[in-house]
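So you can see what is in the structure, the chains are spelled out below.
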Amino acid sequence: MQKLFRWASKWWPGLIPLAVMWGFAAWNNTLPVEADLSARSSAALKDTVLDKTRIAVDGRDVGLAADAFSEEGRRDAVMAVEIVPGVRLVDDRTRLVPEAKPFVWNAERDVVRVTLSGSAPLPSMKGRLTEAARKEVGGVEVADQMGLARGAPPRFEAAAMLLLDQIGKLKDGKITISDTKVNLAGMARELGGREAIAAALKNLPEGFSIAANDIKAPPYIFQAYKDPVAATVTLTGYVPDNNVHSALATSASRKFFNEKIVDNLKASIGAPSSFNTVVLAALGALSRLSTGTLVVSDREVKLSGDALYEGAANDIRAGLGKDFPKTWQYKPEITVKPAAGPVDGTVCQQLFSDLLGKGKIRFAAKRADIDPDSAGILDHLIETALRCPTTNIEVAGHTDTDGEDAFNRALSEKRAQAVIDYLVKAGLPANRFTAVGYGSTQPVAGNETDDGKAQNRRIEFLVR
């Protein structure tokens, strides 16, 4: 017996390397099998809808972990792996994605990015929503903070896609779907954007409805800047339509006799009521300034600049809101241009002639009522008269040849007197001025054409 033990003690250590070699061979043979089962199991899941899928193979046993979006989808995934040839057992560690109650989805825009948050029902849909947002707001960062959840209402994707189409129309704001209720809040990027969004919401899928729509329109802004150095009046902002645009541009060209009109206006909906009346009146006040800025924002008017003399400044401050509806607010910030130095009679005459060569004092047809559009040139004439306080001035009225001579002479004198009355009201002494009506006796152009007649209907200032 002792000999047997002595013999055994010599050979059993040799079994250790043999066991290692056998284990290594078995492991080498198992690795390709497990890799093959893993690949075929993954391929079997390609048509299933899962998230966070993980496959672990131990021999011929497959462990499947994943998030599924329905009980049917979970069962189909497990069954797809079970029928893979070579699989002996599937360890089912799948789970259903939690259900969101209510199912909420958000798209929020600020000055730098669009953020998508809340829940999406499927990974593929999550990707489509993110891509749609990027296309709608090209160049703006899109942050995907959406999670995945069950419980989306029918036609959710169609509703979300339609709402993403609106995010590009917002300057800032938030759009929310809560189950089938839609809430919107924010500021439209451009005028007309609010109305465009409201029109689009009429096409929401069946079952969805608007719970709240608090999209605000941006301010409706009209601006005019008078630059005496460049001799321009620049119009920017918005007008209600092309007809109003044309009327404002025509009126501006009459009011601003010495400036070129730079017209950058655009037509857009959203103008407040009485917009036309207010802007025309405010442009008339701006025409009386040496330099100035007019800003009409919704129902608020701000006019700032330098009047040509103190009386004009007081008149503009007191009269700015006279023709405005009560719902409008106005703020005149009028200062007075520093007075220019005095000049002699010769220079004064040249200044009067230059002014009246660039613009005309206009009157109502066949009447002596001064057209309000003439306020600007009249203020410039008054400023010049203040620079030559010792001169006497003849205000001469002229007409074309239409009508009887006696009527034309009387009309021309009444018009000259109306101009003197305006000057006196502004603070100039009445005894410096004399009204003379020449009728049609001193034409400066032929009366055979409308243009010639228009040149002959005029007021002249003559230093005596």
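Per an unreviewed UniProt entry, the protein goes by OmpA family protein and derives from Bradyrhizobium hipponense.

A. Structural detail: the domain arrangement of the protein. Partitioning the protein into domains gives domain 1 (31-97), domain 2 (104-216), domain 3 (221-336) and domain 4 (345-463). Placing a centre on the C-alpha atoms of domain 1 and another on those of domain 2 gives a separation of 36 Å. Contact residues are listed per partner, giving seven residues for domain 1 and six residues for domain 2. Summed over both partners, the interface of domain 1 with domain 2 buries about 510 Å², with 70% contributed by carbon and sulfur atoms. The largest share of the area that domain 1 buries against domain 2 comes from Asp-51, Phe-69 and Val-97, three residues that together contribute 77% of it. One can count zero salt bridges joining domain 1 with domain 2. The tally of links between domain 1 and domain 2 comes to one residue pair in polar contact (both at pLDDT 80 or more). A per-class count over the side of domain 1 that touches domain 2 returns five nonpolar, one polar and one charged.

B. Spotlight on the side chain of Lys-453. Mapped onto the secondary structure, Lys-453 falls in helix H13 (residues 450-456). Of the polar contacts made by the side chain of Lys-453, one reaches the side chain of Asp-402; its length is 3.2 Å. Leaving out residues up to four positions away in the same chain, Lys-453 has contacts with Asp-400, Asp-402, Gly-446 and Asn-447.

C. Inspection of the nonpolar core at higher detail. Of all hydrophobic cores here, the largest spans 59 residues; its most connected members are Phe-222, Leu-283, Leu-294 and Phe-461. Considering every element that reaches this core, the biggest residue donor is helix H8 (residues 275-287), with seven residues. Per-domain counts for this core show at least three residues from each of domain 3 (221-336) and domain 4 (345-463). The residues contacting Leu-283, other than those within four sequence positions of it, are Phe-222, Ala-224, Leu-235, Leu-248, Lys-255, Phe-256 and Leu-294. By size, the runner-up hydrophobic cluster in this structure holds 32 residues, among which are Ala-100, Phe-103, Val-142 and Phe-156.

D. Up close: unusual backbone geometry. A cis amide bond, omega -5 degrees, links Lys-101 with the succeeding residue Pro-102. If you trace the backbone, Pro-102 turns up in the loop between strand E4 (95-96) and strand E5 (104-109). With a phi close to 55 degrees, Lys-52 is a non-glycine residue in the positive phi region. Looking at the element boundaries, Lys-52 is found in strand E1 (residues 50-58). Accessibility expressed as a relative area gives 54% for Lys-52, which makes it exposed. Positive phi values are uncommon outside glycine, yet Arg-155 reaches one of about 65 degrees. Inspection of the secondary structure puts Arg-155 in the loop between strand E8 (147-148) and helix H5 (156-167). The class for Arg-155 is partly exposed, based on a relative accessible area of 46%.

E. Highlighting the sheet that holds strand E17 (residues 329-336). One open sheet accounts for six strands, arranged E14-E13-E12-E15-E16-E17; its pairing is mixed. Lying at the two open borders of the sheet, with one neighbouring strand each, are strand E14 (260-267) and E17. Taking the axes of each pair of neighbouring strands and ignoring which way they run, one obtains an average angle of 5 degrees across the sheet.

F. Representation of helix H9 (residues 310-319) in the model. Three or more residues of H9 are buried, namely Ala-312, Ala-313 and Ile-316. Angular distribution of buried residues about the axis of H9 spans 100 degrees; they occupy a single face of the element. Summarising the contacts, the buried residues of H9 are in contact with H8, strand E15 (289-297), strand E16 (300-307), E17 and helix H11 (375-387).

Conventions used here
- Residues numbered from 1 in each chain as written.
- Predicted model: local features only at pLDDT ≥ 70, side-chain atom pairs only at ≥ 80, totals over all residues.
- Heavy atoms only, no water.
- Domains from an automatic or database assignment.
- Contact = heavy atoms within 4.5 Å.
- Buried area = accessible area lost by both parts, 1.4 Å probe.
- Salt bridge = Lys/Arg side-chain N within 4 Å of Asp/Glu carboxyl O.
- Polar contact = N/O pair within 3.5 Å; in protein donor to acceptor, adjacent residues only side chain to side chain.
- Nonpolar A, V, L, I, M, F, W, Y, C, P; charged D, E, K, R; others polar.
- Helix = DSSP H or I, 4+ residues; strand = E, 2+ residues; numbered from the N terminus.
- Core = buried A, V, L, I, M, F, W, Y, C linked by side-chain atoms within 4.5 Å.
- Buried < 20%, exposed > 50% of the residue type's maximum accessible area, 1.4 Å probe, protein only.
- Pairing = 2+ DSSP bridges.
- Axes fitted to C-alpha atoms, helices over the stretch in contact; angles between N-to-C directions.
- Arc of directions from axis to C-beta.

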